[in-house]
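# An overview of the molecular structure
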Amino acid sequence: MAYTKEDILRIVREEDIEFIRMQFVDIFGQLKNVAITASQIEKAVSNQIMFDGSSIEGFTRINESDQYLHPDLNSFAIFPWRPAQGKVARLICDVYNPDGTPFVGDPRGVLRRVLKRCRDMGFDTFNIGPELEFFLFETDDQGRATTVTRDEAGYFDLGPLDHGESTRREICLSLEEMGFEIEASHHECTPGQHEIDFKYAEAMDGSDKIMTFKLAVKTLAQKNGLHATFMPKPLYGVAGSGMHINMSLFKDGKNVFFDETGERRLSPLAYQFIAGLLRHVKGFTAITNPLVNSYKRLVPGYEAPCYRAWSASNRSALVRIPAARGQSTRVELRSPDPACNPYLAVAVCLAAGLDGIAQGLTPPPEITANIYEMSRADRERQGIDALPASLDEALKEMRNDALVMDVLGRHVAEHYFHGKGREWEEYCTRVSSWELEKYLVTY
């Protein structure tokens with residue numbers, strides 16, 4: 001919905017809104033906000049709300065800390081889970097410097113720059129359709145998260161086996177109040193695991209929706225005495241949580257991936273886009289799979305893709321082309337997980353695909369066999385190599401990919417490497433429960 005300043009001032013007054021959360025995202029995808037009272041809304045919509053950027057991971061140094069929030073007026077929404085009296089609304093913001101220039105470390109700005117590149121190449125719109133999975137766990141007597149679920153449901157099961165069904169329903173209804181079009185929600189294959197799918201959207205709006213979705217899921221789970229987590233692999237021995245991203249590119253209102261006369265009814269541009277994704281996927285895996293824990297999901301046997309290949313239908317492939325054609329033709333990347341920063345993840349995916357188009361790349365042959373069941377020799381013979389096996393390996397691949405580094409820019413890349421390097425070092429030096437169980441008594 002398109003809003004003007006006057007619309008927002010009127011709604012705040014008429015709806016008795018008392019607080020407005022000015023939201024933004026740090027480079028690691030953590031949602032931040034400056035909360036203001038309704039009396040400050042005129043300042044807010046005039047880009048006059050300031051905050052201390054030196055306190056935010058990856059933003060600015062303490063001697064240059066003042067930054068300003070420029071709200072995206074079209075992102076205005078009222079939180080339906082807050083009280084009817086004293087309502088709370090939000091505005092999603094871009095971060096600017098005091099001199100009025102966009103801040104180079106703002107993740108929304110990173111995506112905005114790639115979208116401009118997309119338009120400069122003659123494409124009107126880049127749409128994304130994310131599929132987010134998450135777990136609902138019990139909390140203990142102190143309200144702290146556990147990994148316990150009394151849920152006994154399986155794929156597409158329903159209550160009473162699905163103990164999270166009522167919370168999932170409440171999430172769907174709340175999101176619809178905020179302007180989402182919920183297409184499907186269901187129990188996933190693992191006890192306690194859920195998926196809610198919402199309609200595709202333009203890339204920036206879709207990335208905003210991912211952040212809103214995660215906030216709604218966590219907030220409503222907590223309200224119901226549960227803990228929601230988007231951690232990629234919270235439980236050993238079962239499937240982890242992914243965030244498949246469906247992508248489609250339009251020019252003059254037409255889906256450029258579709259060609260009625262093309263092989264598999266795909267256009268040459270679709271194949272070039274696929275080839276770009278496959279060329280750069282190892283370089284951007286540290287963005288789409290940003291945690292140490294992410295790489296415990298990307299292993300054979302649990303439905304997550306871990307080999308570089310594409311297919312029109314094969315779900316063991318990294319890139320899949322769903323069956324729909326015409327305006328619904330899309331390319332699905334199956335490796336990302338929901339812990340990623342969606343603005344950065346979408347930016348690197350789009351840039352990789354556009355690079356494939358710009359260079360006229362050709363993808364390798366389609367893989368129709370189950371890649372998980374292939375031997376290493378079979379994979380090598382067909383040119384199928386693996387994604388990075390750890391965060392450390394992914395960061396090294398990222399540093400060697402000039403396109404990904406260019407998309408992020410020096411500021412974001414340096415801070416990303418620094419923060420994730422510390423995370424890897426801490427993981428490597430921490431003694432795990434597995435080590436204690438394995439070695440403490442034996443040795």
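Here's what I pulled together on the structure shown here. Being a predicted model, the structure only gives us computed values, none of them experimental.

### What about the overall build of the chain?
Looking only at helices and strands, the chain features 11 helices and 16 strands. Here the chain has a C-alpha radius of gyration of 22 Å; the compact-globule value for 443 residues is 22 Å, and the two agree. Its C-alpha atoms put the chain at 65 × 60 × 45 Å along the principal axes. Across the 443 residues in the chain, those meeting the buried criterion constitute 53%.

### Brief notes about empty space enclosed by the protein
Counted under the stated rule, the structure contains one cavity of 30 Å³ or more. The space that makes up the largest cavity amounts to roughly 60 Å³. What lines the largest cavity is Gln23, Phe24, Val25, Leu31, Ile92, Cys93, Asp106, Arg108, Met211, Thr212 and Tyr343. Of all the elements in the fold, those that place two or more residues in the lining of the largest cavity are strand 1 (17–25), strand 6 (87–96) and helix 5 (203–223). Considering every element that reaches the lining of the largest cavity, the biggest residue donor is strand 1, with three residues. Among the residues forming the lining of the largest cavity, the class breakdown is seven nonpolar, two polar and two charged.

### Some details on the state of the cysteines
Scanning the model with the defined rule gives zero disulfides in all. Here Cys118 is not cross-linked by a disulfide; its sulfur's nearest cysteine counterpart is in Cys349, at 13 Å. Not part of a disulfide, Cys349 finds its nearest cysteine sulfur in Cys340, a span of 8.3 Å. Classification of Cys349 by relative accessible area gives buried; the value is 0%.

### Notes on helix 3 (residues 107–120)
Helical periodicity: at 3.6 residues per turn, an α-helix aligns residues three or four positions apart in one direction. For helix 3, with 14 residues, the first-to-last C-alpha span of 20 Å sits near the 20 Å given by 1.5 Å per residue. Within the sequence span of helix 3, burial applies to Pro107, Arg108, Gly109, Val110, Leu111, Val114, Leu115 and Cys118. Directly after helix 3, the chain includes Gly122, whose backbone phi takes a positive value near 100°.

### Some words on the environment of Pro364
Counting through the fold element by element, Pro364 comes out in the loop between helix 7 (342–358) and helix 8 (376–381). The partly exposed category is assigned to Pro364, whose relative accessible area is 40%. A C-alpha to C-alpha distance of 41 Å links Pro364 and Cys93, two positions 271 residues apart in sequence. Pro364 has contacts with Leu278 and Trp310, leaving out every residue within four places of it along the chain.

### Section: the packing of helix 7 against helix 10 (residues 402–429)
The contact between helix 7 and helix 10 brings their axes to 8 Å, and the two run at 155°. In terms of orientation, helix 7 and helix 10 fall into the roughly antiparallel class. Residue-level contacts link Leu344, Ala347, Val348, Ala351, Ala352 and Asp355 of helix 7 to Leu403, Val404, Val407, Leu408, Val412 and Tyr416 of helix 10. Residues that form the contact of helix 7 with helix 10 fall into these classes: 11 nonpolar, no polar and one charged.

### Side note on helix 6 (residues 268–288)
Taking 1.5 Å as the rise per residue, helix 6 with 21 residues should run 30 Å; its terminal C-alpha atoms sit only 26 Å apart, a clear shortfall. Its maximal kink placed at Val281, helix 6 deviates by approximately 70°. In terms of burial, helix 6 is a largely internal element, 18 of the 21 residues being buried.

### Brief notes about the nonpolar core
Phe126 and Phe213 are the most contacted members of the largest nonpolar core, which has 101 residues in total. Looking at this core, the element that brings in the most residues is helix 7, giving 12 residues. Setting aside chain neighbours within four positions, we find Phe213 in contact with Leu132, Phe134, Leu175, Phe180, Ile196, Phe198 and Phe230. Ranked by size, the runner-up nonpolar core spans 22 residues in total, among them Ile20, Ile36, Ala44 and Leu69.

### A few points about unusual backbone geometry
The phi dihedral of Asp16 is positive, around 55°, even though this residue is not glycine. As for its placement among the helices and strands, Asp16 is situated in the loop between helix 1 (5–14) and strand 1. Under the relative-accessibility criterion, Asp16 is labelled partly exposed at 37%. A positive phi angle is found at Asp252, which is not glycine, with a value near 55°. The residue Asp252 is located in the loop between strand 12 (243–251) and strand 13 (254–255) in this model.

### Some words on the side chain of Thr167
Considering the arrangement of structural elements, one finds Thr167 in helix 4 (residues 165–177). Taking relative accessible area as the criterion, Thr167 reaches 2% and is therefore assigned buried.

### Thoughts on the packing of aromatic side chains
Applying the stated rule across the entire model yields 16 aromatic pairs. When the ring of Phe134 is compared with that of Phe230, the centres are 5.7 Å apart and the planes differ by 50°; the resulting orientation is tilted. Residue Phe134 is located in strand 7 (residues 125–138), and its partner Phe230 is located in the loop between strand 11 (226–229) and strand 12; the two are separated by 96 residues in the primary sequence. Note on Phe134: relative accessible area 1%, which makes it buried. Overall, Phe230 belongs to the buried group, its relative accessible area being 5%. Through a chain of ring-to-ring contacts, three or more aromatic side chains come together here, namely Phe134, Phe180, Phe198, Phe213 and Phe230. In this structure, Lys209 is placed above the aromatic ring of Phe180, and the distance from its NZ or CZ to the ring centre is 5.5 Å. One Lys or Arg, Arg399, reaches over the ring of Phe417 and ends 3.8 Å from the middle of that ring.

So, how was this worked out
Going along each chain's sequence as written, the residues are numbered from 1 onward. Reporting in this predicted model follows two pLDDT cut-offs: at least 70 for local features of residues, and 80 or more for side-chain atom pairs to be given and counted; totals over whole chains, interfaces and linings ignore these cut-offs and use all residues. Based on all heavy atoms of the structure, the side-chain values leave hydrogens and waters out of the count. Here a helix means four or more residues in a row that DSSP labels H or I, a strand means two or more in a row labelled E, and each is numbered from the N terminus. Restricting the calculation to C-alpha atoms gives the radius of gyration, and the globule rule supplies 2.2 Å times the number of residues raised to the power 0.38. Categorising residues by exposure relies on relative accessible area from a 1.4 Å probe, with only protein chains included: less than 20% of the type maximum marks a residue as buried, more than 50% marks it as exposed, and the intermediate range marks it as partly exposed. Residues are said to line a cavity or pocket when one of their atoms sits within 4 Å of a point; the points come from a 1 Å grid over protein atoms alone, cavities being sets where a 1.4 Å probe fits but cannot get out and pockets being open sets with protein on both sides within 12 Å along at least five of seven lines. Grid points are joined across faces, edges and corners, and a volume is the space filled by probe spheres set on the points. Under the convention adopted here, Pro, Cys and the residues Ala, Val, Leu, Ile, Met, Phe, Trp and Tyr are nonpolar, Asp, Glu, Lys and Arg are charged, and Gly plus all remaining residues are polar. A pair of sulfur atoms, both from cysteines and within 2.5 Å, is called a disulfide here. Residue count minus one, scaled by 1.5 Å, sets the expected span of a helix. Any two residues whose heavy atoms approach within 4.5 Å at even a single point are treated as in contact. Fitted lines through C-alpha atoms give the axes, limited to the stretch in contact for helices. The angle between two N-to-C directions lies from 0 to 180 degrees. Each angle gets one of four labels, with under 35 degrees taken as roughly parallel, over 145 as roughly antiparallel, 65 to 115 as roughly perpendicular, and the rest as oblique. Across the chain, bend at a residue is computed as the angle between axes fitted to the seven residues ending at that point and the seven starting from it. Side-chain atoms within 4.5 Å are what join buried Ala, Val, Leu, Ile, Met, Phe, Trp, Tyr and Cys residues into a set we call a nonpolar core. Each aromatic pair joins two rings of Phe, Tyr and Trp (for Trp, the six-membered one) with centres within 6.5 Å, and gets the label stacked for planes under 30 degrees apart, edge-to-face for over 60, and tilted for any other angle. Whether a charge lies above a ring is judged from NZ of Lys or CZ of Arg, which has to be within 6 Å of the ring centre and within 35 degrees of the ring normal.

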